[in-house]
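Below, each chain spelled out in residue letters.
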Amino acid sequence: MAAFDGTGFDGTGKVALITGGSNGIGAAVARRLARAGAQVVLADVDVEAGDALAKELDGAFVRCDVREPADSEAAVAAAVERFGGLDVAFLNAGVAGGGGVGDDFDLAAYRRAMGINLDGVVFGAHAALPALRARGGGDIVCTASMAALTATPFDPVYGANKAAVVGLVRALGPTFAEEGIRVNALCPSFADTDILVPLKGHLQETGFPILNVDDVVEAFMRILDADGAGEAWYVVPGRESEPFKFRGVPGPR
């Protein structure tokens, strides 16, 4: 994959909120945005790691359970109060392991996965919109997955909520584009983060390529540098990231 340094994005004077920002993709994006000059607000349930990273980046940390709408609202309020506004909302918090709907159905796992991966995006977007409007526009980037674009028999509930995120993004893109608010999705394949731990051994045994987190960060920066809305950007090893091209559906006769 060709290197990309995100030079088109100038973060000077900009404020970014990152859910799931204490670790993994969220933390890596936070570091990149901070290097580009942005102020970052990390929202996560991992207080220790979030506090440490916020200190490192001269940013802010807010404990946030994205399943609770009030927590997302409080995180946005913290960004506005601490740094004066909000320009980028990276709705990235996520978990794997939602399970299936047969003998493996687990109600608690189902509700946790749907609550974090889907409700968290809905609540985060709802909370961010007023602050983005107050700035005259901005970006909402939602972490989905390649599981949103293909079948995931190994974790059907995960595939369902990630597909729902892409469906939401495709609907919201044209809805808010005229206000200067771009909504897009980031769809990485298996990336080398904590969420991959249960599957990593199997992937390595089968020779399935694991995505470097830096490649996901580069794709995120490409989204900010582009001008599209309602797009789902795939991120897979060995390919340059770009929006997935959905086929048109058959119309009525």
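That block above? That's the structure.
Note that the coordinates shown come from a computational prediction; the quantities given were computed from them, not determined experimentally.

J.: How do you make sense of a nonpolar patch on the surface when you look at a structure like this?
T.: Taken together, the side chains of Val101, Phe105, Leu107 and Tyr110 present a nonpolar region at the surface, about 390 Å² in accessible area. Take Tyr110: its relative accessible area is 31%, and that puts it in the partly exposed class.

J.: Can you walk me through the packing of aromatic side chains in this structure?
T.: Geometrically, a pair of aromatic rings is defined through the distance of the ring centres and the angle of the planes. Summed over the entire model, instances satisfying the criterion amount to 3 aromatic pairs. Residue placement shows Arg170 over the ring face of Phe246; its charged tip is 3.7 Å from the ring centre.

J.: Would you mind showing me how to read the sheet that holds strand E8 (residues 242–243) here?
T.: Think of a sheet as strands paired side by side through backbone hydrogen bonds, with each pair either parallel or antiparallel. What the 8 strands build is an open sheet, ordered E3-E2-E1-E4-E5-E6-E7-E8; its pairing is mixed. The open sheet has two free edges, formed respectively by strand E3 (60–63) and E8, since each of these has just one partner strand. As defined by bridge partners, strand E7 (residues 232–235) adjoins E8 across 2 bridges and the pair is classed as antiparallel. Looking across to E8, one finds that Tyr234 is bridged to Glu242. Packing against the sheet, helix H2 (residues 47–57) makes contact with strand E2 (39–44) and E3, and its axis sits at approximately 160° to E3. On the sheet, helix H7 (residues 213–225) packs against strand E4 (88–91), strand E5 (138–143), strand E6 (181–188) and E7 and is oriented at approximately 160° with respect to E6.

J.: Looking at this model, I keep getting lost on unusual backbone geometry. Mind explaining?
T.: Across the chain, the bulk of peptide bonds are trans and the bulk of non-glycine residues have phi less than zero. Of note in this structure, Asp58 is not a glycine but carries a positive phi near 55°. With respect to the element layout, Asp58 can be found in the loop between H2 and E3. Look at Asp58 and you get exposed, because its relative accessible area is 56%.

J.: Could you clarify how one ought to interpret the side chain of Ser145 in this entry?
T.: Secondary-structure assignment places Ser145 in the loop between E5 and helix H5 (156–176). If sequence neighbours within four positions are ignored, Ser145 has contacts with Tyr158, Lys162, Leu186, Cys187 and Pro188.

J.: Explain the packing of helix H3 (residues 69–83) against helix H4 (residues 107–134) here, please?
T.: How two helices sit against one another is set out by the angle between their axes and by the gap between those axes. The geometry of H3 relative to H4 is characterised by a closest axis approach of 8 Å and an angle of 30° between their N-to-C directions. Classed by the angle they form, the pair H3 and H4 counts as roughly parallel. Crossing handedness for the pair H3 and H4: right-handed. Each of Pro69, Ser72, Glu73, Val76 and Val80 in H3 lies in contact with H4, whose residues at this interface are Phe123, Gly124, His126, Ala127, Ala128 and Ala131. The residue inventory of the contact of H3 with H4, partitioned by class, reads 7 nonpolar, 3 polar and 1 charged.

J.: Can you walk me through H2 in this structure?
T.: One turn of the α-helix equals 3.6 residues, which is why residues spaced by three or four share an orientation. What H2 keeps buried is the set Gly50, Leu53, Ala54 and Leu57. Each buried residue of H2 lies within a common arc of 105° when the element is viewed along its axis, so the set occupies one face. Exposed residues lying more than 90 degrees from the buried face of H2 are Glu48 and Lys55. Among the structural elements, helix H1 (24–35), E2 and E3 are those in contact with the buried residues of H2.

Conventions adopted
Residues numbered from 1 in each chain as written. Predicted model: local features only at pLDDT ≥ 70, side-chain atom pairs only at ≥ 80, totals over all residues. Heavy atoms only, no water. Patch = residues over 30% accessible without salt bridge, like charges linked within 9 Å, V, L, I, M, F, W, Y side chains within 5 Å. Areas by Shrake-Rupley, 256 points an atom, 1.4 Å probe, with all protein chains shown as cover. Salt bridge = Lys/Arg side-chain N within 4 Å of Asp/Glu carboxyl O. Buried < 20%, exposed > 50% of the residue type's maximum accessible area, 1.4 Å probe, protein only. Phe/Tyr/Trp six-rings, centres within 6.5 Å; stacked < 30°, edge-to-face > 60°. Lys NZ or Arg CZ within 6 Å of the ring centre and 35° of its normal. Pairing = 2+ DSSP bridges. Helix = DSSP H or I, 4+ residues; strand = E, 2+ residues; numbered from the N terminus. Contact = heavy atoms within 4.5 Å. Axes fitted to C-alpha atoms, helices over the stretch in contact; angles between N-to-C directions. Parallel < 35°, antiparallel > 145°, perpendicular 65-115°, else oblique. Left-handed = near helix turned anticlockwise from the far one by under 90°. Nonpolar A, V, L, I, M, F, W, Y, C, P; charged D, E, K, R; others polar. Arc of directions from axis to C-beta.

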